[in-house]
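One-letter residues, chain by chain:
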Amino acid sequence: MTKTLTVGIIGAGICGLIAAQTLTKNGYEVWLLEQSPEVGGRMATHRIGEAVFDSGAQFFTGRSPEFCALIDEMQDAHVTRQWYCGYPSQNICKDESYPRFCGAQGMTDVPQYLAQELTLHLNETVQRIDCVDEKWRVATGNVFWADALILTPPVPQSLTFFKGNFVLPSITWRALDKITYEPCWSVLAQLNGLSQIPAPGALHLEDGMFSWIADNHQKGISPRPGSVTIHASGDWTKEHLDQAPEAVATLLVEAAQKYLGRTVITAQAHYWRYAKPVVTHDAPFYYVGYPAPIFFAGDAFVSPGAGPRVEGAALSGLAAARALNELFNN
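Considering the sheet that holds strand S10 (residues 143-146)
Thought 1: Pairing in this open sheet of three strands is antiparallel, and the strands run S8-S9-S10 from one edge to the other. The outermost strands of the open sheet, each flanked by one partner alone, are strand S8 (128-132) and S10. Put simply, the sheet's adjacent strands are angled 25 degrees from each other on average, direction ignored.
Thought 2: Pairing geometry for S8 and strand S9 (residues 135-139), over five bridges, is antiparallel.

Focus on the pairing of strand S1 (residues 6-10)
Thought 1: Burial of S1 is extensive: five of the five residues sit out of reach of the surface.
Thought 2: A two-sided burial pattern is seen for S1, the buried positions comprising Thr 6, Gly 8 and Ile 10 on one face and Val 7 and Ile 9 on the other.
Thought 3: Pairing between S1 and strand S2 (residues 29-33): five bridges, direction parallel. Its bridge partner being in S2, Ile 10 is matched across the sheet by Leu 33.

As for helix H2 (residues 65-76)
Note: α-helices contain 3.6 residues per turn, so residues at a spacing of three or four share the same orientation.
Thought 1: With 12 residues, H2 should reach 16 Å at 1.5 Å per residue; the first-to-last C-alpha distance of 16 Å fits that figure.
Thought 2: For H2, the full list of buried residues reads Phe 67, Leu 70, Ile 71 and Met 74. Along H2, the residues classed as buried sweep out an arc of 100 degrees about the axis, all on the same side. The outward face of H2, more than 90 degrees from its buried face, is lined by the exposed residues Pro 65 and Asp 76.
Thought 3: Just beyond H2, the residue with positive phi is His 78, at close to 60 degrees.

Overview of the pattern of salt bridges
Thought 1: If you walk through the whole model with that rule in mind, you get five salt bridges.
Thought 2: One salt bridge in this structure joins Asp 299 and Arg 42, with 3.2 Å as the shortest N-O distance. Taken together, the positions of Asp 299 in the loop between strand S18 (294-296) and helix H10 (310-328) and Arg 42 in the loop between S2 and strand S3 (45-48) put the pair 257 residues apart, joining distant regions of the chain.
Thought 3: What makes Asp 299 buried here is its relative accessible area of 12%.
Thought 4: Two residues, Asp 130 and Arg 128, come together in a salt bridge whose shortest N-O distance is 2.8 Å.
Thought 5: The buried category is assigned to Asp 130, whose relative accessible area is 15%.

Some thoughts on the packing of aromatic side chains
Thought 1: Tallied over the full model, the rule gives 14 aromatic pairs.
Thought 2: When the ring of Phe 210 is compared with that of Tyr 259, the centres are 6.0 Å apart and the planes differ by 90 degrees; the resulting orientation is edge-to-face. Of the two residues, Phe 210 sits in strand S14 (residues 210-215) while Tyr 259 sits in helix H9 (residues 257-260), which places them 49 residues apart along the sequence. Like Tyr 259, Phe 210 is buried.

Looking at the side chain of Ser 55
Thought 1: Summarising the element assignment, Ser 55 is placed in the loop between strand S4 (51-54) and H2.
Thought 2: With relative accessibility at 0%, the residue Ser 55 sits in the buried group.
Thought 3: The contact partners of Ser 55, leaving out residues within four places of it in the chain, are Ala 44, His 46, Ser 186, Leu 188, Thr 229, His 231 and Trp 272.

Describing a nonpolar patch on the surface
Thought 1: On the surface, Val 132, Val 143 and Trp 145 cluster together into a nonpolar patch covering about 240 Å² of accessible area.
Thought 2: Residue position: Val 132 is located in strand S8.

Some thoughts on the environment of His 46
Thought 1: Positionally, His 46 belongs in strand S3.
Thought 2: Under the relative-accessibility criterion, His 46 is labelled partly exposed at 31%.
Thought 3: For the pair formed by His 46 and Met 107, sequence separation is 61 residues and the distance between their alpha carbons is 9.7 Å.
Thought 4: For His 46, the residues in contact, after removing those within four places along its chain, are Ala 51, Val 52, Phe 53, Ser 55 and Leu 188.
Thought 5: In terms of polar contacts, His 46 uses its side chain to reach the side chain of Ser 55, at 2.9 Å.

Regarding the sheet that holds strand S17 (residues 286-288)
Thought 1: Spatial strand order, S7-S2-S1-S11-S18-S17: six strands in an open sheet with mixed pairing. Two strands close off the open sheet at either side, each with one partner strand: strand S7 (120-121) and S17.
Thought 2: Across four bridges, the pairing between S1 and strand S11 (residues 148-151) is parallel. Residue pairing across strands places Gly 8 opposite Leu 149, the latter belonging to S11.
Thought 3: Sheet contacts for helix H1 (residues 14-25): S1, S2 and S11; angle to S2, the most-contacted strand, approximately 165 degrees.
Thought 4: Where H10 meets the sheet, its contacts fall on S1, S11, S17 and S18, and the angle it forms with S11 comes to roughly 165 degrees.

What about the pairing of strand S12 (residues 180-191)?
Thought 1: Burial analysis of S12 places 10 of its 12 residues in the buried class, the great majority of the element.
Thought 2: Inspection of the sheet shows S12 paired to strand S16 (residues 264-279) by 11 bridges, in the antiparallel sense. Looking at the pairing, Ser 186 lines up with His 270 of S16.
Thought 3: Examined bridge by bridge, S12 and strand S15 (residues 227-232) share five bridges and lie antiparallel to one another. The partner of Gln 190 across the bridge, within S15, is Ser 227.

Procedures and definitions
- Residues numbered from 1 in each chain as written.
- Predicted model: local features only at pLDDT ≥ 70, side-chain atom pairs only at ≥ 80, totals over all residues.
- Heavy atoms only, no water.
- Pairing = 2+ DSSP bridges.
- Helix = DSSP H or I, 4+ residues; strand = E, 2+ residues; numbered from the N terminus.
- Axes fitted to C-alpha atoms, helices over the stretch in contact; angles between N-to-C directions.
- Buried < 20%, exposed > 50% of the residue type's maximum accessible area, 1.4 Å probe, protein only.
- Expected span 1.5 Å × (residues − 1).
- Arc of directions from axis to C-beta.
- Salt bridge = Lys/Arg side-chain N within 4 Å of Asp/Glu carboxyl O.
- Phe/Tyr/Trp six-rings, centres within 6.5 Å; stacked < 30°, edge-to-face > 60°.
- Contact = heavy atoms within 4.5 Å.
- Patch = residues over 30% accessible without salt bridge, like charges linked within 9 Å, V, L, I, M, F, W, Y side chains within 5 Å.
- Areas by Shrake-Rupley, 256 points an atom, 1.4 Å probe, with all protein chains shown as cover.
- Polar contact = N/O pair within 3.5 Å; in protein donor to acceptor, adjacent residues only side chain to side chain.

That's the geometry; what it means functionally is another story.
Printed below as a string of structure tokens:
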């Protein structure tokens, strides 16, 4: 590079944060926009009184050398720790060698660690993106300029930034419009005592209504016993999209009693519209080079062996950042 180039990154989940770290280390001026008041996206931790709940992503694994190195770094910094090995499925742990890791005090510890020393703009909702004189103009109410962009929100959200503004190539629309996601109703329930969920405090369920139940006290993040996260299955969630959160919470906690074994004192429901990619893109990012570089990345852009998981999102951000750096240095 003969001059310092500016890269704008939309979305401060793990994909955007990894991309920002990588590019900052390579000498770029980088800013991130995040519509939420906190970083992390689905790596979210909620506190209700004394209770602590991981409401979105529950754990992550490491399969690639790059992500395993990051896990080691975060363990040394006491940001993450191993939760368990195996595959907890209705009281049976299937043999699987990959350990499951979580944030030391909640999953949000990971993005907060990665966000240190980055230039972040929170509570910024992108309204439109235009290209002016081969530079990207991102309007939120404020205006941000960049020589290149990396978009990491769920793809349907990213595509809305361009409707009626700069026209993406038709081949790009066709490729990205195929990507779909599964929604999830998540309920944070406080019990009146210890749950009956077996160690390690997690159940992967296949009963049609639920996909996951976790005991955050056994997990080691909640000081209060009986702090439970319940994830509905994608199919059940789709059937109950129009119901109020209070009604959803009531239905799920009543049905979950056979797993919980305790009375639920309080329950709050949270809706994840883009919880899990279902139809993914078979490359770690999607690149559009004209009229200025723009990369689409995230957990729906799958690196070999990674899958649409936390690690996959991280590797997507890393791959997009490396490709952008190579582009500007050739």
